[in-house]
Amino acid sequence: MNTPYYLIEERLLRRNLELIRRVADASGAEIILAFKAYALWRTFPILREYISSTTASSPWEARLALEEFGARAHTFSPAYTEADFPELLRCSSHITFNSLSQLRRLRPLVSSYNMSHLCEPVSVGLRINPEHSHIETALYDPCAPGSRFGVLSSDLTDDDVALVDGFHCHCHCESSAEDLEDNLRYIEEKFSRWFPRLKWLNLGGGHLMTREGYDTERLIRILRGLQERWPRLHLILEPGSAFGWQTGPLVASVVDVVENGGIRTAILDVSFTCHMPDCLEMPYKPQVREEVTPDAPGARPYRLGGNSCLSGDFMEGFFFDRDLRVGDRLHFEDMNHYTTVKTTMFNGIPHPALVLRRLDGRDELLRRFSYEDYRDRMD
């Protein structure tokens, strides 16, 4: 298989799905897939064996849920436009508003839709902000002071709650069960007086239950305890990373090696800015399967450079036990969540191909991108 390509291993994907289903069955909570982290729709037949719903944040994601996953989406957006709203209603089972102004202005449109259509009524939610999280990277913290996300308890009234069926709260990012337990204290302290009026509580994403070392039994106990305290509430979790976590690498090749001022850079046929943007945005150093530790015998230091014209399209701090040569392959581990959904064609650089490794070891090419894909984006 020619590089570059994202490799999704069915065995590893199913491993995650089995754990997620076990947590759902044991806790009584519904766990659904967030497209913002993983939207590889050609793998949806596998996911549908384990889960029944997804979450969307735009008309296209909601349409993907309905048309490719086969179920209407749980939809949230920071703001809906009236032009997009009819399509969102058609494709959604739940619509969550981010602000009281949007709730008050658009709630009548939901009522009109429900009265004029024979399908299951769209359930209305409101995003709340508990003003507390354990997220250390400011870029990903929706509860930071002045955040544009969610309604504060001090601004919420009984009349507003009467307009909704549920609350949505997202205050996690690759977080632990312990973080959820602590955050729930703030959520319940600020908002639980309204829980008896609600049908559901969506605890959002960021619950990285498939990460090694995550205390899934504690998560189950937390969710069961919450359910016992508020038996009327249907609990929903919508992780994204947990589904695609450690399911396969981005496979790249070395196309040149340059040296400047004693710094050796291996230039690859992939780009950090185009294909691994979180490495630069967060930032974090990805794990490369072939690298060794700096103190390994014969370790040689390298920068790894992307193939775009952006000067900062590189990362450093990689060591290999031999000189890299043109044609060498490198495997960037764990590159299926928050990467395949974020790729760009900046500089006209193609997306890596998508490859699914089946249970029998056979590699199935799901998609290879072409010049026409790039050209049509510029129409």
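Described in the following lines is the structure provided in the data block.

**Let's talk about the overall build of the protein chain**
Tallying secondary structure elements over the protein chain gives 12 helices and 17 strands in all. The C-alpha radius of gyration computed for the protein chain amounts to 22 Å, which stays within 12% of the reference 21 Å derived for 379 residues, consistent with globular compactness. Here the protein chain holds 379 residues, and the buried ones make up 54% of them. Residue pairs at least 24 apart in sequence account for 70% of intrachain contacts in the protein chain once pairs closer than 6 positions are excluded. When the accessible surface of the protein chain is summed, it comes to about 17,300 Å², and 49% of that surface belongs to carbon and sulfur atoms. Side chains of the protein chain carry 43 positive and 55 negative charges; the gap between the two charge centres is 3 Å.

**Some remarks on the environment of Leu13**
Structurally, Leu13 is set in helix α1 (residues 10-27). Assessed through its relative accessible area of 0%, Leu13 is described here as buried. Along the chain, Leu13 and Gly204 lie 191 residues apart, while their C-alpha atoms are 21 Å from each other. In this view, Leu13 contacts Tyr38, Thr43, Ile46, Leu47, Phe243 and Thr247; residues no more than four positions away in its chain are not counted.

**Remarks on the packing of α1 against helix α8 (residues 216-229)**
A pair of packed helices can be characterised by two numbers: the angle between their axes and the separation between those axes. Put simply, α1 and α8 touch, their axes get as near as 9 Å, and they point 35 degrees apart. Judged by the twist between their axes, the crossing of α1 over α8 is right-handed. Across the interface between the two elements, Leu19, Arg22, Val23, Ala26 and Ser27 from α1 touch Thr216, Glu217, Leu219, Ile220, Leu223 and Arg224 from α8. Residues that form the contact of α1 with α8 fall into these classes: 6 nonpolar, 2 polar and 3 charged.

**Looking at the state of the cysteines**
Within this structure, the stated rule accounts for 0 disulfides. Take Cys119: it sits in no disulfide, and the sulfur closest to it among the cysteines is that of Cys91, at 11 Å. Free cysteine: Cys143, not disulfide-bonded; nearest cysteine sulfur from Cys171 at 4.9 Å. A relative accessible area of 10% places Cys143 in the buried class.

**Quick look at the pattern of salt bridges**
The final tally for this structure, using the stated rule, is 29 salt bridges. Measuring nitrogen to oxygen at the nearest pair gives 4.0 Å for the salt bridge that ties Arg90 to Glu67. With Arg90 in helix α4 (residues 85-91) and Glu67 in helix α3 (residues 59-69), this residue pair connects regions lying 23 residues apart in the sequence. Residue classification places Arg90 among the partly exposed residues on the basis of a relative accessible area of 36%.

**Examining the pairing of strand β1 (residues 5-9)**
Of all 5 residues in β1, 5 are buried, a share of seventy percent or more. Here β1 shows a buried face lined by Tyr5, Leu7 and Glu9 and a second buried face lined by Tyr6 and Ile8. In terms of strand pairing, β1 meets strand β16 (residues 353-357) through 5 bridges, oriented parallel. Across the sheet, residue Tyr5 finds its bridge partner in β16, namely Ala353. For β1 and strand β11 (residues 250-260), the ladder comprises 2 bridges, and the chain directions are antiparallel. Within β11, the residue paired with Tyr5 across the bridge is Val251.

**Brief notes about helix α7 (residues 177-191)**
Compared with an ideal rise of 1.5 Å per residue, which puts 15 residues at 21 Å, α7 spans 20 Å between its outermost C-alpha atoms and is within 8% of the ideal. What α7 keeps buried is the set Ala177, Asp179, Leu180, Asp182, Asn183, Leu184, Ile187, Glu188 and Phe191. Lining the buried residues of α7 we find β8 (166-168) and α8.

**As for empty space enclosed by the protein**
Taken as a whole and judged by the stated rule, the model has 1 cavity of 30 Å³ or more. Size it by volume and the largest cavity reaches roughly 50 Å³. Forming the boundary of the largest cavity are Thr55, His74, Thr75, Phe76, His94, Thr96, His168, Trp200, Asn202, Ile236 and Glu238. Breaking the lining of the largest cavity down by element, the ones donating at least two residues are β5 (73-76), β6 (92-97) and β9 (200-202). Grouping the constituent residues of the lining of the largest cavity by class yields 3 nonpolar, 7 polar and 1 charged.

**A word on the nonpolar core**
Within the largest apolar cluster, 94 residues are counted, with the highest numbers of intra-cluster contacts made by Phe97, Phe167, Leu304 and Phe332. Ranked by size, the runner-up nonpolar core spans 5 residues in total, among them Leu7, Val251, Ala353 and Val355.

**Things to note about the pairing of β5**
A regular strand carries its side chains on alternate faces of the sheet. Both faces of β5 are covered, namely the face carrying Ala73 and Thr75 and the face carrying His74 and Phe76. Pairing of β5 with β6 involves 4 bridges; the strand directions are parallel. By the bridge assignment for β6, Ala73 is matched with Ser92.

**What about the layout of surface pockets?**
Think of a ball as big as a water molecule: rolled over the atoms, this probe shows where empty space is left. Quantified by volume, the second largest pocket comes out at close to 160 Å³. Forming the boundary of the second largest pocket are Arg72, Ser93, His94, Glu120, Pro121, Val122, Ser123, Asp165 and Lys199. Of the residues in the lining of the second largest pocket, the class split is 2 nonpolar, 3 polar and 4 charged.

What counts, and at which threshold
- Residues numbered from 1 in each chain as written.
- Predicted model: local features only at pLDDT ≥ 70, side-chain atom pairs only at ≥ 80, totals over all residues.
- Heavy atoms only, no water.
- Helix = DSSP H or I, 4+ residues; strand = E, 2+ residues; numbered from the N terminus.
- Rg over C-alpha atoms; globule rule 2.2 N^0.38 Å.
- Buried < 20%, exposed > 50% of the residue type's maximum accessible area, 1.4 Å probe, protein only.
- Contact = heavy atoms within 4.5 Å.
- Areas by Shrake-Rupley, 256 points an atom, 1.4 Å probe, with all protein chains shown as cover.
- Lys, Arg positive; Asp, Glu negative; His and termini not counted.
- Charge placed at Lys NZ, Arg CZ, Asp CG, Glu CD.
- Axes fitted to C-alpha atoms, helices over the stretch in contact; angles between N-to-C directions.
- Left-handed = near helix turned anticlockwise from the far one by under 90°.
- Nonpolar A, V, L, I, M, F, W, Y, C, P; charged D, E, K, R; others polar.
- Disulfide = S-S within 2.5 Å.
- Salt bridge = Lys/Arg side-chain N within 4 Å of Asp/Glu carboxyl O.
- Pairing = 2+ DSSP bridges.
- Expected span 1.5 Å × (residues − 1).
- 1 Å grid on protein atoms, 1.4 Å probe; cavity = no way out; pocket = protein on both sides within 12 Å on 5 of 7 lines; lining within 4 Å.
- Points joined across faces, edges and corners; volume = space filled by probe spheres on them.
- Core = buried A, V, L, I, M, F, W, Y, C linked by side-chain atoms within 4.5 Å.

Shape is all these values report; function is a separate question.
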